[in-house]
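As a plain string of letters, each chain reads:
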Amino acid sequence: MSVPRFWRELDTRYNLIGSYCKITKTYHYPRRSFNPKAGRESIGSMKDYQFKGIGKIVNSTVVYQAQTGYEMFGPYCMAIVKLDEGPMMTTQIVDCDPNKVKPGMKVKSVFRKLGEDSESGILHYGTKFILSEDIEVEEDNENLPDIEV
Amino acid sequence: MNGIVSYGAYVPCHKIETGEIASVWGADGSAWAKNLNVYSKSVSGPDEDVITIAVEATRQAMKRGNLNGDHIGAIYSGSESHPYAVKPTSTIVAEAISATPNLTAADFEFACKAGTAAIQTCLGMVGDKQIENGIAIGVDTSQGAPGDALEYSASAGGGTLIIGSKNVIATINDTTSYTTDTPDFWRREGQKYPRHGGRFTGKPAFFKHVISCGMMMMERAGTEAKDYDYIVTHQPNGKFPIRAAKTLGFTNEQFETGLLTPRIGNTYSGAIFLGLAAILDIAKPGDRILAVAYGSGAGSDGFDITITDKISKMDRSETVEDMISRMKIVNYATYAKYRGKLNMGATK
């Protein structure tokens, strides 16, 4: 990733800055200047919003064949997290046994290193998630929320 | 009176036991643990470094102090393991707490006392009314070379103090320093691991500076050891700080709260911040603390601190003890993987 591209998205990655649409009263992550569901009315009606960084696991998987740059984590957990405000994101769940991550578990955001361009390149920092203290496990995996693509 | 407005701490959630490290090198783990008084040490994860630890500790301090980025006029980060040789840790912390762009920031280096030099700088700027609040950070993720004595203690962690003049939870009554050119521990530019002078790190280095600075601090304050409820000093291992505290006339009850190295190892620049945070977690109004940092090379910074009534209203949940109690043991193989001690070159 080019240095300017990452730099432009610093507050989105560091501080979970997204958008709130005043027309549909919905939250969006990452930041948007336009809400497709509200159409052109939403232009100028999107305001920055900092997410609280609290949510729940929607679903997760354990990665054994690590991506380049993630070899030292293996095996690790990647999950879809639904933030309390509504948006969902794909993220890594850290500081836990990856096989014990289940849908419904509460998570909270932490500041971590996401990767690096190369050994001499820029370091990328941003948000990952850890399991919250008060873990709630939903045994029924059939009723997962719809994921909007 | 100027002093500590808020504080934060961070200890990684992994640890390795001294016996596990010793078993890899065929050494006597019990003897090493007893000799160093270090039984386990914290281990940072593959995605944790000085910057991530500094951000987490600072965010905790900002939340506890009910502060936002607009209240911060300066950030100084002290460490000897900054991820970048050229590019500040402090600017990334500033961005992560939304304190940019109206502030000054810089990184400090003075071995294990870089963070306390940052406290003194913030005190000066607050005292001169240049800033409302300044952030001083002390964090390290230092390493010892495999098999070296340092490997049994070099760990990861750190803390943040927000220094200001309003809503102070602890006044810093006075500060003083004791500095000489003493080459007891160093790391040359480009070198991965530090080197040290073995026993030379003791009497002419740590003890001379910590004890001299502690005595100077009490002389300036007109106090004796019995006037303090707590003492916290730099703690490169679990033995040096006890001997230094006893030499200064302090008792077990006064130094045991801030002595964390036996359980989390030597967090270098983070050590005095974490020890002080553990004390602030339980301190009561009126309690008095003597804090004496030490950095190789060499110097000591002393602080005479008194807790105010404001600390009673602060949310002090998520304590240092909570973080330590959550630590999970890893084996040497995982430790080597997490700390970049595996050579992956042939596979790339």
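Residues numbered from 1 in each chain as written. Chains lettered and ligands numbered in written order. Predicted model: local features only at pLDDT ≥ 70, side-chain atom pairs only at ≥ 80, totals over all residues.

### Comments concerning the overall build of chain B
Then step 1. Looking only at helices and strands, chain B features 12 helices and 14 strands.
Then step 2. Within the span of chain B, comprising 348 residues, buried residues form 56% of the whole.
Then step 3. Counting contacts in chain B only where the partners sit at least 6 residues apart, residues at least 24 apart contribute 79% of the total. (Helix = DSSP H or I, 4+ residues; strand = E, 2+ residues; numbered from the N terminus. Buried ≥ 20, exposed ≤ 12 C-beta atoms within 10 Å, placed from the backbone. Contact = placed C-beta atoms within 7 Å.)

### Observations regarding unusual backbone geometry
Then step 1. Geometrically, the link from Tyr29 of chain A to Pro30 of chain A is a cis peptide bond, its omega value of 0° lying close to zero.
Then step 2. Summarising the element assignment, Pro30 of chain A is placed in the loop between strand S2 (26-28) and strand S3 (46-50).
Then step 3. For the bond running from Thr100 of chain B to Pro101 of chain B, omega is 0°, close enough to zero to count as cis.
Then step 4. Relative to the elements of secondary structure, Pro101 of chain B occurs in the loop between helix H4 (89-96) and strand S5 (104-108).
Then step 5. Here the phi dihedral of Lys87 of chain B falls at roughly 145°; this positive angle occurs in a residue that is not glycine.
Then step 6. Positionally, Lys87 of chain B belongs in the loop between strand S4 (72-78) and H4.
Then step 7. On the basis of neighbour count, Lys87 of chain B is assigned to the exposed category, with 12 C-beta atoms found within 10 Å.

### A look at the pairing of strand S4 (residues 54-63) of chain A
Within a regular strand, the side chains alternate between the two sheet faces.
Residues and elements named next belong to chain A.
Then step 1. Pairing geometry for S4 and strand S7 (residues 106-116), over 3 bridges, is antiparallel. Directly across from Lys56, in S7, lies its bridge partner Lys106.
Then step 2. Summarising the sheet, S4 and strand S5 (residues 76-83) pair through 8 bridges and their orientation is antiparallel. Within S5, the position partnered with Val62 by the bridge is Cys77. (Pairing = 2+ DSSP bridges.)

### Here's the deal with the nonpolar core
All names here are of chain B.
Then step 1. Core analysis: the largest hydrophobic core is formed by 111 residues, its most contacted members being Cys122, Ile163 and Ala291.
Then step 2. In terms of residue count, helix H10 (residues 271-280) provides more of this core than any other element does, 9 residues in total.
Then step 3. Viewed by domain, this core spans two of them, domain 1 (3-169 + 314-347) and domain 2 (170-311), each represented by three or more residues.
Then step 4. If near-sequence neighbours (up to four positions away) are discounted, Ala291 is found in contact with Val232, Ile272, Leu276, Phe303 and Ile305. (Core = buried A, V, L, I, M, F, W, Y, C linked by C-beta atoms within 7 Å. Domains from an automatic or database assignment.)

### Some thoughts on the confidence of the model for chain A
Then step 1. Taken over all residues, the pLDDT of chain A has a mean of 90, while the share at 70 or more is 89%.
Then step 2. With pLDDT under 50 throughout, residues 134-145 of chain A is counted as low confidence; its partners more than four residues away or in other chains account for 17 contacts. (pLDDT = per-residue confidence, 0-100.)

### Quick look at the interface of chain B and chain A
Then step 1. Each partner contributes residues to the interface: chain B has 18 residues there, and chain A has 15 residues.
Then step 2. At the level of secondary structure, the elements contributing two or more residues to the side of chain B that touches chain A comprise helix H3 (50-64), H4 and helix H12 (332-338) of chain B.
Then step 3. With 4 residues, the single largest contributor to the side of chain B that touches chain A is H3 of chain B.
Then step 4. Here the residues of the side of chain B that touches chain A are counted per class, giving 9 nonpolar, 3 polar and 6 charged. (Nonpolar A, V, L, I, M, F, W, Y, C, P; charged D, E, K, R; others polar.)

### Observations concerning the domain arrangement of chain B
All names here are of chain B.
Then step 1. Assigned domains of chain B: these are domain 1 (3-169 + 314-347) and domain 2 (170-311).
Then step 2. Measuring from the centre of the C-alpha atoms in domain 1 to the corresponding centre in domain 2 gives 16 Å.
Then step 3. Contacts between the two partners involve 50 residues from domain 1, matched on the other side by 43 residues from domain 2.
Then step 4. Sorting the residues of the side of domain 1 that touches domain 2 by element identifies strand S1 (3-10), strand S3 (40-43), helix H5 (114-127), strand S6 (133-141), strand S7 (156-164) and helix H11 (320-325) as the ones contributing at least two each.
Then step 5. If one sorts the elements of the side of domain 1 that touches domain 2 by residue count, H5 sits on top with 6 residues.
Then step 6. Broken down by class, the residue content of the side of domain 1 that touches domain 2 amounts to 24 nonpolar, 20 polar and 6 charged.

### Overview of the domain arrangement of chain A
All names here are of chain A.
Then step 1. Assigned domains of chain A: these are domain 1 (17-50) and domain 2 (54-131).
Then step 2. Taken together, the contact between domain 1 and domain 2 spans 5 residues of the former and 5 residues of the latter.
Then step 3. By residue number, the principal contributor to the side of domain 1 that touches domain 2 is S2, which donates 3 residues.
Then step 4. Of the residues that constitute the side of domain 1 that touches domain 2, the class distribution is 2 nonpolar, 3 polar and no charged.

### Structural notes on the sheet that holds strand S2 (residues 14-17) of chain B
Residues and elements named next belong to chain B.
Then step 1. Pairing within the open sheet is mixed, and its 3 strands lie in the order S3-S2-S14. The open sheet has two free edges, formed respectively by S3 and strand S14 (328-329), since each of these has just one partner strand.
Then step 2. Note that S2 and S14 share 2 bridges and pair parallel. Following the sheet pairing, Lys15 is matched in S14 by Ile329.

### Some thoughts on helix H6 (residues 202-221) of chain B
Residue and element names in this part refer to chain B.
Then step 1. The end-to-end C-alpha distance of H6, which contains 20 residues, comes to 27 Å, matching closely the 28 Å that a straight helix rising 1.5 Å per residue would cover.
Then step 2. The sharpest bend along H6 comes to roughly 35°, located at Lys208.
Then step 3. Looking at the buried positions of H6, the neighbouring elements they touch are strand S8 (170-182), strand S11 (230-233), helix H7 (240-247), strand S12 (288-295) and strand S13 (297-307).
Then step 4. Gly222, located one to two residues past H6, shows a positive phi value of around 70°. (Expected span 1.5 Å × (residues − 1). Bend = angle between axes of the 7 residues up to and from the residue.)

### Observations regarding helix H2 (residues 29-36) of chain B
All names here are of chain B.
Then step 1. Inspection of H2 places Trp32, Ala33 and Leu36 among the buried residues, and these make up the whole buried set. All buried residues of H2 fall inside an arc of 95° around its axis, so they share one side. In H2, the exposed positions angled more than 90 degrees off the buried face are occupied by Ser30 and Ala31.
Then step 2. In the core, the buried residues of H2 are packed alongside helix H1 (18-24).
Then step 3. Positioned one or two residues after H2, Asn37 has a phi angle of 55°, which is positive. (Arc of directions from axis to C-beta.)

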